[in-house]
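Each chain is listed here by its residues.
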There are 2 protein chains.
Amino acid sequence: MSSSGKLRVGFIGLGIMGQPMAGHILAAGHPLTVFNRTRARTAGLAERGATVADSPAGVAARAEVIVTMVTDSPDVEQVVAGADGLLEAIRPGAVVVDMSTIAPEVERRLDARLRERGAALVDAPVSGGDVGARNATLAIMAGGETAAFEKARPILETMGASITHCGPVGSGQVAKLCNQILVSVTLLGVCEALAFARANGIDPKTMIRAVEKGAAGSWQLSNLGPRILNGDFDPGFMVDLMQKDLRLVLEAAGLTHAALPASALVQQLFASAQAHGQGREGTQSLAKVVDRLCRPA
Amino acid sequence: MSSSGKLRVGFIGLGIMGQPMAGHILAAGHPLTVFNRTRARTAGLAERGATVADSPAGVAARAEVIVTMVTDSPDVEQVVAGADGLLEAIRPGAVVVDMSTIAPEVERRLDARLRERGAALVDAPVSGGDVGARNATLAIMAGGETAAFEKARPILETMGASITHCGPVGSGQVAKLCNQILVSVTLLGVCEALAFARANGIDPKTMIRAVEKGAAGSWQLSNLGPRILNGDFDPGFMVDLMQKDLRLVLEAAGLTHAALPASALVQQLFASAQAHGQGREGTQSLAKVVDRLCRPA
């Protein structure tokens, strides 16, 4: 760390989430080096003073804490262990903070590789979506050795409203996948309750009002229920991305011999949403799948 | 209504819910006539001034508003239309308020029978359990013609903290069954998330803390999650009663051609709980069923 208390930070993956997240780190005064496959996306941050590197290795050569925010397990593997990847230039003591949502066992494997170089990995996936990314109100679920987590914490604090250290490397991903199980299965219950109300001729808005304060209450019911009733299927969080996360859930469940019938069911129903061209709609478009199971209105 | 603004009220079904509910009506100063199949359960209310009748008909002869709180559809049919039932002595203008959870179409059928006698039915099932019954904090979901509902409202207000008029006769039951869909499916998501956390070696308490404030949040997660982790399977609300309600859901869904795969799944998993002798435990004992699906700890 420099005498100013600022860390030299790297950021890789400047998508709809990564772009504003990197901006918060820069705004907090940390010298920032960025890399993105599509170089054009680095322009805004470069104008604000960020250095643009030509590869992940170029970021690793300049940074103590390197944040990655990409899509899936193979993307993170490529950034860390691929050609011109972080491993080629990582500095001893550096911490890679992977904020993507990927397989827990991939994080464990990459952490082992980084440790051979004297570095370490913290997995720190988020919930809160692009709104949370823009407003720095993400919920961050972190896994990793305590020293590495503490080194990364000031950077995480620039992006998140709540930061929970869940355990060793991979634990952040496990907590995030629990989050996705809860979100998806709860949403399926909401969709079935709305379909049942409609089939039985009661006003679903009145139903929500009657039950949402009690034991039936959930974020999904109070927030996505009204959007479904208003025919608003904009994301929020896209079906395609939820399917990626539910695939990670079912793969990790398979590895640990956990049988999750409701999670598997909701994954199949989201597959039907994708089959009907709803992949880029918000997860609440699951309601259309449930409606198609029922007698047409 | 008498000149004091008090209604002559009847109450049938003095179980764990009905007993305190009838007590609230009496405490509000309404002259009360009660009937219970097991007569011993009338003793406490009789001491406090209630009249004890020998049959539902004996209640009907003395009351303007008659509350029924029994278990299932056949019980309500027996009380209203059976031998010595309400129909044999119901007074014109009287309102029967059925607070049991039963099939919506049975309420509609009984309402038609009562209307032939100049009376009417309001279905008004509740959520909030025995604690809500004792504390007069029930959530009441009502269905019925507005005039009948308004006549019953002052009596409902002695028992409930929230009263929602959901539509015509049967609508209260439909809303209550929506409540049970939401409660059950959300709980199944909670059980799967806890099993996934355990299988992947993270502390489920930490997981709950990390996710409960966001889109994964629900009453079930924050209230029953910790009870599951503490090994507390006391009811709350019993598995056997939830199975009765889920049977009503699936029967009503069948009549209206609504296909509800998650509701059907959770009904099957609660059947497994019953098969393992957990019928009189709280619904949160669904977690044991999900754990038995997974690799033993």
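About the cut-offs
Residues numbered from 1 in each chain as written. Chains lettered and ligands numbered in written order. Predicted model: local features only at pLDDT ≥ 70, side-chain atom pairs only at ≥ 80, totals over all residues. Heavy atoms only, no water. Helix = DSSP H or I, 4+ residues; strand = E, 2+ residues; numbered from the N terminus. Rg over C-alpha atoms; globule rule 2.2 N^0.38 Å. Buried < 20%, exposed > 50% of the residue type's maximum accessible area, 1.4 Å probe, protein only. Contact = heavy atoms within 4.5 Å. Core = buried A, V, L, I, M, F, W, Y, C linked by side-chain atoms within 4.5 Å. Least-squares fit on C-alpha atoms with pLDDT ≥ 70 in both. Buried area = accessible area lost by both parts, 1.4 Å probe. Salt bridge = Lys/Arg side-chain N within 4 Å of Asp/Glu carboxyl O. Polar contact = N/O pair within 3.5 Å; in protein donor to acceptor, adjacent residues only side chain to side chain. Domains from an automatic or database assignment. Phe/Tyr/Trp six-rings, centres within 6.5 Å; stacked < 30°, edge-to-face > 60°. Lys NZ or Arg CZ within 6 Å of the ring centre and 35° of its normal. Pairing = 2+ DSSP bridges. Right-handed = clockwise from strand over helix to strand, strands pointing away. Arc of directions from axis to C-beta. Axes fitted to C-alpha atoms, helices over the stretch in contact; angles between N-to-C directions. Parallel < 35°, antiparallel > 145°, perpendicular 65-115°, else oblique. Left-handed = near helix turned anticlockwise from the far one by under 90°.

Helices and strands together make up the secondary structure of chain A, namely 13 helices and 9 strands. Since a compact globule built from 297 residues should have a radius of gyration of about 19 Å, the 21 Å found for chain A is in line with a globular shape. With the C-alpha coordinates aligned to their principal axes, the bounding extent of chain A is approximately 65 × 45 × 35 Å. Looking at the 297 residues of chain A, the share that counts as buried comes to 58%. In chain A, 66% of the contacts between residues at least 6 apart in sequence involve partners at least 24 apart.

Bringing the nonpolar core into the picture now. Phe-196, Met-207 and Leu-286 of chain A together with Phe-196, Met-207 and Leu-286 of chain B are the most contacted members of the largest nonpolar core, which totals 142 residues. Once residues within four sequence positions are removed from consideration, Met-207 of chain A is found in contact with Ala-193, Leu-194, Ala-197 and Ile-202 of chain A together with Ala-175, Cys-178 and Leu-182 of chain B.

This brings us to the relation of the copies chain A and chain B. Mapping chain A onto chain B leaves a residual RMSD of 0.0 Å; the transformation is a rotation of 180° accompanied by 0.0 Å of translation along its axis. Within this description, the copies of the chain are treated as partners about a two-fold rotation axis. Across chain A, the rotation axis passes nearest the C-alpha of Ser-218 of chain A, at a separation of 1.9 Å. Both copies present the same face, since 100% of the interface residues in chain A are matched by interface residues at the equivalent positions in chain B.

Our focus in this paragraph is the interface of chain A and chain B. With 56 residues of chain A at the contact, the number on the chain B side is 56 residues. Carbon and sulfur atoms supply 71% of the area buried between chain A and chain B, which totals about 4,800 Å² over both sides. Considering only the side of chain A, the residues that lose the most area to chain B are Leu-182, Glu-192 and Phe-196 of chain A, jointly responsible for 15% of the buried surface there. There are 0 salt bridges connecting chain A and chain B. Where chain A meets chain B, there are 10 residue pairs in polar contact (both at pLDDT 80 or more). Secondary structure elements with two or more residues in the side of chain A that touches chain B: β9 (160-167), α8 (171-199), α9 (204-211), α10 (219-229), α11 (239-255) and α12 (261-275) of chain A. Per-element accounting of the side of chain A that touches chain B gives the leading share, 19 residues, to α8 of chain A.

In this section: the side chain of Gln-173 of chain A. All names here are of chain A. With respect to the element layout, Gln-173 can be found in helix α8. In terms of polar contacts, Gln-173 uses its side chain to reach the backbone carbonyl oxygen of Ser-100, at 2.9 Å. Excluding anything up to four places from it in sequence, Gln-173 contacts Asp-98, Ser-100, Thr-101, Ile-102, Pro-104, Glu-107, Asp-123 and Pro-125.

A few words on the domain arrangement of chain A. Where interface size is quoted, it is often the accessible area lost as the parts come together. All names here are of chain A. For chain A, the domain assignment lists domain 1 (9-168) and domain 2 (175-294). Placing a centre on the C-alpha atoms of domain 1 and another on those of domain 2 gives a separation of 30 Å. Listed as interface residues are 14 residues of domain 1 and, on the opposing side, 11 residues of domain 2. Roughly 880 Å² of surface becomes buried between domain 1 and domain 2 when both sides are summed, with 64% attributable to carbon and sulfur atoms. Sorting the residues of domain 1 by area buried against domain 2 places Asp-72, Thr-101 and Met-141 first, and these three jointly supply 43% of that buried surface. Where domain 1 touches domain 2, the interface holds 1 salt bridge. Across the salt bridge formed by Arg-247 and Asp-72, the nearest N and O atoms sit 2.4 Å from each other. There are 5 residue pairs in polar contact (both at pLDDT 80 or more) connecting domain 1 and domain 2. Every element with two or more residues in the side of domain 1 that touches domain 2 is listed here: α5 (104-115) and β7 (126-127).

A word on the environment of Arg-117 of chain B. Residues and elements named next belong to chain B. Relative to the helices and strands, Arg-117 is located in the loop between α5 (104-115) and β6 (120-123). It is 61 Å that separates the C-alpha atoms of Arg-117 and Arg-295, two residues lying 178 residues apart in sequence. Other than its neighbours up to four places away in sequence, Arg-117 contacts Leu-87, Glu-88, Ile-90 and Pro-92.

Applying the stated criterion to the full structure yields 0 aromatic pairs over all chains. The ring centre of Phe-233 of chain A lies 4.3 Å from the NZ or CZ of Lys-288 of chain A, which sits over that ring.

Once that is clear, we can look at the pairing of β9 of chain A. All names here are of chain A. Two strands pair when backbone bridges link them, and strand β8 (residues 138-143) and β9 are joined in this way by 6 bridges, in the parallel orientation. Across the sheet, residue Ala-139 finds its bridge partner in β9, namely Ser-162. For the handedness criterion, the β-α-β arrangement of β8, helix α7 (residues 146-157) and β9 is classed as right-handed.

Moving on, we get to helix α4 (residues 73-81) of chain A. Residue and element names in this part refer to chain A. Every buried residue of α4 is accounted for by Ser-73, Val-76, Val-79 and Val-80. Buried residues of α4, seen end-on, are gathered within an arc of 130° and therefore sit on one face of the element. In the core, the buried residues of α4 are packed alongside β1 (9-12), α3 (56-60), β4 (65-68), β5 (95-98), α5 and α11.

All right, on to helix α13 (residues 286-293) of chain A then. Residue and element names in this part refer to chain A. For α13, the complete set of buried residues consists of Leu-286, Ala-287, Val-289 and Val-290. Each buried residue of α13 sits inside an arc of 155° when the element is viewed along its axis, so together they form one side. For α13, the elements touching its buried residues are α8, α10 and α12.

Packed helices, taken two at a time, are described by the angle between their axes plus the distance between the axes. One way to put it is that α12 of chain A packs onto helix α12 (residues 261-275) of chain B with a least axis distance of 11 Å and a crossing angle of 165°. By the angle between their directions, the pair α12 of chain A and α12 of chain B is classed as roughly antiparallel. With respect to the hand of their crossing, α12 of chain A and α12 of chain B are arranged in right-handed fashion. Contacts from Pro-261, Ala-262, Leu-265 and Leu-269 of chain A of α12 of chain A reach α12 of chain B at Pro-261, Ala-262, Leu-265 and Leu-269 of chain B.

Glancing now at the side chain of Asn-200 of chain B. Following the sequence through the fold, Asn-200 of chain B ends up in the loop between α8 (171-199) and α9 (204-211). The class for Asn-200 of chain B is buried, based on a relative accessible area of 13%. Not counting residues within four places of it along the chain, the set of residues in contact with Asn-200 of chain B comprises Arg-108, Val-174, Ala-252 and Thr-256 of chain A.

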